[in-house]
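Examining the three-dimensional arrangement
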Amino acid sequence: MRVGRFVMCMLLAACAYAATAADLLGRYGPPVMQRFAAGNGIVVGVEYNKNGRVTTVEIAPVGYKKDRNASREPMDRAAVSELLDYLIPDQMRMGILSGLECPLRGERREGSCGVTQTDLGVTLYRRHIEAAEGGRKDLVVTITSKTGLPQTVITLESRFGAVVAERFVAEPGIALTATYDKVRAATEIAIAPMRSVLETDDEAQFMPVPDVERILDEIAPRWTRTGSLGGGSMQSGCNETRIEEFDNLSITRSFHHCHLPAEDLMMQTVVRWGARRMMPGGGNE
């Protein structure tokens with residue numbers, strides 16, 4: 001009877017298990033990137049330096065992807081301007097925001113226009129479109145600072161609330177990016193080569209499989225992978241995707257086979273938990 005209860009407890013624990021923000025902080029230390037929901041359909045992503053100061057900011061619509069930004073709703077310009085007033089220090093705000101406009105050409109004034117402005121070590125890039133109803137709306141806005149902006153994890157969470165996603169250094173050169181639900185349990189974790197949120201280079205990068213599998217065992221221990229194993233694999237040219245489906249989670253591994261010495265390098269691995277595994281906004285960038 002006791003054995004049966006023990007087995008039942010283990011099964012329930014496995015079904016309920018998902019890495020939490022506290023788990024990841026305790027294992028990997030402070031995050032190097034966080035994303036916050038800023039309201040009005042806007043997400044603010046920030047990167048921190050080793051001193052915990054914000055060095056990079058990306059203000060973008062919910063679901064924004066660099067290669068698909070045209071399909072997303074543009075952002076309210078007044079809401080974005082309010083965020084810029086908060087993020088950029090008073091002493092450099094006028095210098096960096098002045099003249100940050102560019103004309104859209106043609107009778108219909110279609111397309112997008114971006115301007116970069118730098119002052120006192122802070123660079124602001126703002127890309128906008130002319131809205132059909134008149135006025136301008138922002139597509140994406142970025143801020144970079146060599147020395148760091150005044151904001152920290154504490155001040156940002158005080159302003160925006162709990163993070164919706166954050167990135168940790170799991171191994172040198174390997175990032176672990178977690179997307180959370182409302183109780184800060186991970187709905188998705190992506191293991192991928194470390195990249196900046198502003199990086200535009202699409203060249204594939206790779207990780208040693210043993211390193212990825214070791215990190216995978218830390219965030220989704222084998223004892224939690226319960227139930228009937230399903231899934232499959234898909235291959236297109238050099239790329240292969242392998243999917244394992246368990247009762248409580250799925251694991252998707254992405255490989256690239258061409259011009260590699262052996263099948264010991266991986267592009268990305270994504271873990272998704274439970275019925276929440278397709279939650280938008282997660283995954284690697």
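Relevant structure appears above.
Just so we're clear, the structure is a prediction, and the values are computed from it rather than from any experiment.

Topic: the packing of aromatic side chains
Tallying each qualifying case throughout the model produces 3 aromatic pairs. Relative to Phe160, the ring of Phe36 has its centre 5.7 Å away and its plane inclined at 40 degrees; by these criteria the two rings are tilted. Note that Phe36 is positioned in strand β1 (residues 33-39) and Phe160 in helix α5 (residues 153-160), a separation of 124 residues in sequence. Here Phe160 falls in the buried class, since its relative accessible area comes to 13%. Relative to Phe160, the ring of Tyr86 lies with its centre 6.1 Å away and its plane at 90 degrees, an arrangement referred to as edge-to-face.

Here's the deal with the packing of helix α3 (residues 77-87) against α5
The packing of two helices is summarised by the inter-axis angle and the distance between the axes. Relative to each other, α3 and α5 sit at 150 degrees, their axes nearing to 13 Å. When the axis of α3 is compared with that of α5, the two are roughly antiparallel. Of the two elements, α3 crosses α5, and the hand of that crossing is right-handed. Side by side, α3 and α5 meet where Glu82, Leu83, Tyr86 and Leu87 of the first sit next to Thr155, Leu156, Arg159 and Phe160 of the second. Tallied by class, the residues present in the contact of α3 with α5 amount to 5 nonpolar, 1 polar and 2 charged.

Looking at the pairing of strand β14 (residues 249-256)
Within β14, 8 of the 8 residues are buried, which leaves the element mostly enclosed by the surrounding structure. Burial along β14 is two-sided: the residues Leu249, Ile251, Arg253 and Phe255 and Ser250, Thr252, Ser254 and His256 are all buried. Note that strand β13 (residues 239-245) and β14 share 7 bridges and pair antiparallel. In the sheet register, Asn239 faces β14, and the bridge partner there is His256. A loop of 3 residues connects β13 with β14, the two strands running antiparallel in sequence.

Points about the environment of Leu149
Checked against the element boundaries, Leu149 lands in strand β7 (residues 136-149). By relative accessible area, Leu149 is classed as buried at 1%. Put simply, Leu149 and Val54 are 95 residues apart on the chain and 5.2 Å apart in space, counted from C-alpha to C-alpha. For Leu149, the contacting residues outside a window of four places in its chain are Arg53, Val54, Val57, Leu87, Pro89, Val122 and Ile143.

Quick notes on the pattern of salt bridges
Summed over the entire model, instances satisfying the criterion amount to 12 salt bridges. Notably, a salt bridge pairs Asp138 with Arg77, separated by 2.7 Å at the nearest N-O pair. Here Arg77 lies in helix α3 and Asp138 lies in strand β7, a separation of 61 residues in the sequence. The burial state of Asp138 is the same as that of Arg77; both residues are buried. Here Arg126 and Asp138 are joined by a salt bridge, their closest N and O atoms 3.0 Å apart. With a gap of 12 residues between them, Arg126 in strand β6 (residues 122-130) and Asp138 in strand β7 connect regions that are remote in the sequence. As far as the burial class goes, Arg126 and Asp138 line up, both buried. The network of salt bridges with common partners includes Arg77, Arg126 and Asp138.

Rules used throughout
Residues numbered from 1 in each chain as written. Predicted model: local features only at pLDDT ≥ 70, side-chain atom pairs only at ≥ 80, totals over all residues. Heavy atoms only, no water. Phe/Tyr/Trp six-rings, centres within 6.5 Å; stacked < 30°, edge-to-face > 60°. Helix = DSSP H or I, 4+ residues; strand = E, 2+ residues; numbered from the N terminus. Buried < 20%, exposed > 50% of the residue type's maximum accessible area, 1.4 Å probe, protein only. Axes fitted to C-alpha atoms, helices over the stretch in contact; angles between N-to-C directions. Parallel < 35°, antiparallel > 145°, perpendicular 65-115°, else oblique. Left-handed = near helix turned anticlockwise from the far one by under 90°. Contact = heavy atoms within 4.5 Å. Nonpolar A, V, L, I, M, F, W, Y, C, P; charged D, E, K, R; others polar. Pairing = 2+ DSSP bridges. Salt bridge = Lys/Arg side-chain N within 4 Å of Asp/Glu carboxyl O.

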